[in-house]
Amino acid sequence: MPPPALVDLRSDTVTRPTPAMRRAMAEAEVGDDVYGEDPTVVRLQDQVAARLGFEAALWVPTGVMANEIAIRILTRPGQEVLAEERSHVVQFELAGMAVLSGVMPRIARAEDGHLTADDIRAARRPASYMRSDLGLVVLENTHNFAGGTVADGALMRAAIAAAHDTGVPVHVDGARLWNAAVALGAPLASLVAGADPAMVTLSKGLCAPAGSVLVSSRARIDEARRVRKQFGGGMRQVGILAAAGLVGVETMVDRLAEDHVNAALLAQALAGCPGVQVRPARTNIVVAELAQRSAPDLAAELAGRGVLVSVMDARTLRLVTHHDVNGEDCARAAGVLLEVLA
Ligand SMILES: *Cc1c(COP(=O)(O)O)cnc(C)c1O
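Owing to the predicted nature of the structure, the values given are computational and were not obtained by experimental measurement.

**Some details on the domain arrangement of the protein**
- Looking at the assigned domains, one finds that the protein contains domain 1 (7–14 + 255–341) and domain 2 (19–251).
- The C-alpha centroid of domain 2 is placed 27 Å from the C-alpha centroid of domain 1.
- Opposite the 18 residues of domain 1 that make contact, domain 2 presents 22 residues.
- Taken together, both faces of the contact between domain 1 and domain 2 bury some 1700 Å²; the carbon and sulfur share is 57%.
- Three residues, Leu256, Arg279 and Arg282, lead the burial of domain 1 against domain 2; their summed loss comes to 33% of the area buried on that side.
- Arg176 is the partner of Asp12 in a salt bridge, and the nearest nitrogen-oxygen pair spans 2.8 Å.
- The interface formed by domain 1 and domain 2 includes 6 residue pairs in polar contact (both at pLDDT 80 or more).

Below is the structure:
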């Protein structure tokens, strides 16, 4: 008998470009984007800027580059960046803010991953010549490591206002802002209103092969373009990639609701297993904390049965639903989880 097909729940980044994206890529009108002459990139940037309610946008190859450009243009060396303890900029960017911008993270813990206005006010310190000052606040929505948790418009507005009250700008890491908007039934722009820059990713749930978009004022985006070049991210006929991103933005957002239903199913299966702590899934990410078992061992056991998950740390697994796994795949994966864990 052939081995069972794999259900790959490691990440929504494993999604492959759809046939419509392949066609759009093949037919994309292109130019040299370092000269600002790629019409497809310009169209994507204009569209994302409008959807998020900003003046201007910049295509960048990765989400990490978007975040690191945002940090560079809004801080000075020697400052601190306030971010949630498990946020992407703290955990998964290889100390990029220290290496590339000479700043260090100041971490705060929020159970659901979302720093509130109170958390931000509490981080304020009296001005002192002995202490570094806060240069930037980074908010992540949805919050990946906390389990795809969603911050609504009111929470985001209050947090952004609290930072601005202390004279500190805010960057929103919205790699999965699309998922937050779909879960809330709210416009994307309502979740980033007032942010200084914000970014969204095209290469996760939206299935494009690469790309993120940074949005901000025209002046900040001009500065961001210079930093992108310095970071080695000035690319040429990149409309071939932007074309896939446009298909993603135009046609792949609403269907994220299916991923959310599938994740809820997985979370429900896990919630019934002894020694597993999981929060009900609001979007496409399920983070499971294991009381007794080793996460790497369990991940290996699941892989042996055709279900791939990712290991976040010694006792934490992450399962992510996406376009390339359907309801049937997730039901099968839930069955395997129950067999292995119950
Ligand atoms: C994936 C991710 C990023 C980085 O995106 P890459 O394209 O992988 O560099 C940034 N922030 C969050 C919250 C993410 O999940």
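So much for the structure itself; the text now carries on.
**Details of helix H8 (residues 177–184)**
- Burial in H8 covers these residues: Leu177, Trp178, Asn179, Ala180 and Ala181.
- Looking at the packing, one finds that the buried side of H8 touches helix H2 (39–52), strand S6 (170–174), helix H9 (189–192), strand S7 (198–201), helix H11 (239–251) and helix H12 (256–271).
- Just downstream of H8 lies Gly185, where phi reads positive at about 65°.

**Considering the environment of Glu85**
- The topology assignment puts Glu85 in the loop between strand S3 (80–84) and helix H4 (88–91).
- Assessed through its relative accessible area of 28%, Glu85 is described here as partly exposed.
- When the C-alpha atoms of Glu85 and Gly63 are compared, they prove to be 18 Å apart, with 22 residues separating the residues in sequence.

**Here's the deal with the pattern of salt bridges**
- Using the criterion set out here, one finds 18 salt bridges in the structure.
- Between Asp222 and Arg225 there is a salt bridge whose closest N-O contact spans 3.5 Å. One end of the pair is Asp222 and the other is Arg225, both in helix H10 (residues 218–230) and 3 residues apart, which spans about a single turn.
- Note that Arg332 and Asp329 form a salt bridge whose closest N and O atoms lie 3.3 Å from each other. One end of the pair, Arg332, and the other, Asp329, are both in helix H14 (residues 327–341), 3 residues apart, so they sit about a helical turn from each other.
- Taken together, the shared-partner salt bridges connect Glu80, Arg106 and Arg125 into one network.

Procedures and definitions
- Residues numbered from 1 in each chain as written.
- Predicted model: local features only at pLDDT ≥ 70, side-chain atom pairs only at ≥ 80, totals over all residues.
- Heavy atoms only, no water.
- Domains from an automatic or database assignment.
- Contact = heavy atoms within 4.5 Å.
- Buried area = accessible area lost by both parts, 1.4 Å probe.
- Salt bridge = Lys/Arg side-chain N within 4 Å of Asp/Glu carboxyl O.
- Polar contact = N/O pair within 3.5 Å; in protein donor to acceptor, adjacent residues only side chain to side chain.
- Buried < 20%, exposed > 50% of the residue type's maximum accessible area, 1.4 Å probe, protein only.
- Helix = DSSP H or I, 4+ residues; strand = E, 2+ residues; numbered from the N terminus.

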